[in-house]
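Listed here are the chains, written in short residue letters.
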Amino acid sequence: MASSSSSSSDDCRPISNEGHESLQGLGGDLSALQKHVAFFDQNKDGTVYPWETYRGFRAIGCGIFLSAGSAFLINLALSRKTRPGKFPSLLLPIEIKNIHMAKHGSDSGVYDGEGRFVPSKFEEIFSKHAGANSNALTSDELLAMLKYNRVPKDYSGWLASWTEWKILYFLCKDKNGLLHKETIRAVYDGSLFERMQEDRASARKKAPHSV
């Protein structure tokens, strides 16, 4: 969920790399946006290829067609932007170190220009768009937020934001149709993906023993 907004350095913080394997070519703490993408880098070489994106989507519970379509479109859209000065590759690699260069507009502004997490922008999602439940969004509130964030004529940004949020809502809403604040927070640094993968793997292990 990328951003075209910026904020003061005091309001933007890198998120600790604790619990994540180091990625080749990336030193120090990863930005929140880098961690968001790093889940899909299966061999931790700092580059995400379409087949890795596909496997990542499958690992969190997406179907074959959604995973395949998302993998192709995401890598197609982001590959050249993250490889400035390099000849386009038919393998569509995404370089995680440059992922901030591929941010789209018309979103929440929770990532700043360097891919760092901006707490005040995250809180604005709920202060501006949450209704009766101040710590969750309904489907209608989510759509209202997407409309509010639109930059005029930024059609690619509109589509990217709508797709990201609708997939998140489809996968993570609760039985009452609410997308909770802690869930949304976790997606920004990729920890949600790790948790979903673990939950899915655990469920599959238990499945043969169920009645």
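This one's a predicted model, so the numbers in the text were calculated from it and none came from an experiment. (Residues numbered from 1 in each chain as written. Predicted model: local features only at pLDDT ≥ 70, side-chain atom pairs only at ≥ 80, totals over all residues. Heavy atoms only, no water.)

Caption draft 1: Up close: a nonpolar patch on the surface. Where nonpolar side chains cluster on the molecular surface, the patch consists of Phe72, Leu73 and Leu76 and spans about 310 Å² of accessible area. With respect to the helices and strands, the residue Leu76 is situated in helix H3 (residues 64–78). Of the residues examined, Leu76 reaches a relative accessible area of 47% and is grouped as partly exposed. (Patch = residues over 30% accessible without salt bridge, like charges linked within 9 Å, V, L, I, M, F, W, Y side chains within 5 Å. Areas by Shrake-Rupley, 256 points an atom, 1.4 Å probe, with all protein chains shown as cover. Salt bridge = Lys/Arg side-chain N within 4 Å of Asp/Glu carboxyl O. Helix = DSSP H or I, 4+ residues; strand = E, 2+ residues; numbered from the N terminus. Buried < 20%, exposed > 50% of the residue type's maximum accessible area, 1.4 Å probe, protein only.)

Caption draft 2: Quick peek at helix H5 (residues 139–149). Those residues of H5 that fall on the buried side of the exposure criterion are Glu141, Leu142, Met145, Leu146 and Asn149. For H5, the buried positions fall inside an angular range of 140° around the axis, keeping them on one side. Exposed side chains of H5 directed beyond 90 degrees from the buried face belong to Asp140, Lys147 and Tyr148. Those residues of H5 that are buried are in contact with helix H4 (119–129), strand E3 (136–137) and helix H6 (155–172). (Arc of directions from axis to C-beta. Contact = heavy atoms within 4.5 Å.)

Caption draft 3: Inspection of the packing of aromatic side chains at higher detail. For the coordinates displayed, the defined rule picks out 11 aromatic pairs. Here the aromatic rings of Phe122 and Phe126 are separated by 5.4 Å at their centres, their planes lie at 70°, and the arrangement is edge-to-face. Of the two residues, Phe122 and Phe126 are both situated in helix H4; the distance of 4 residues between them amounts to about one turn of the helix. Feature note: the residues Tyr111, Phe117, Phe122, Phe126 and Tyr188 constitute an aromatic cluster, connected by ring pairs. The ring of Trp158 carries the charged tip of Arg150 above its face, separated from the ring centre by 4.7 Å. (Phe/Tyr/Trp six-rings, centres within 6.5 Å; stacked < 30°, edge-to-face > 60°. Lys NZ or Arg CZ within 6 Å of the ring centre and 35° of its normal.)

Caption draft 4: Here's a closer look at the pattern of salt bridges. Evaluated as defined, the whole model comprises 7 salt bridges. A salt bridge links Glu95 to Lys86; its shortest N-O distance comes to 2.5 Å. The partly exposed category is assigned to Lys86, whose relative accessible area is 42%. One salt bridge in this structure joins Glu124 and Lys128, with 3.4 Å as the shortest N-O distance. A residue pair is termed a helical-turn pair when its members lie 3 or 4 positions apart in one helix, as Glu124 and Lys128 do in helix H4 at 4 residues. Since its relative accessible area comes to 45%, Lys128 is described here as partly exposed.

Caption draft 5: Summary view of the environment of Arg83. Along the chain, the position of Arg83 falls in the loop between H3 and strand E2 (94–95). When the C-alpha positions of Arg83 and Ile99 are compared, they lie 9.1 Å apart, and in sequence the two are 16 residues distant. Leaving out residues up to four positions away in the same chain, Arg83 has contacts with Pro88, Ser89, Pro93 and Glu95.

Caption draft 6: Spatial organisation of the environment of Val37. Inspection of the secondary structure puts Val37 in helix H1 (residues 32–38). Distance in space between the C-alpha atoms of Val37 and Glu95 is 9.7 Å, their sequence separation being 58 residues. Among all residues touching Val37, those that are not within four sequence positions of it are Val48, Ile96 and Ile99.

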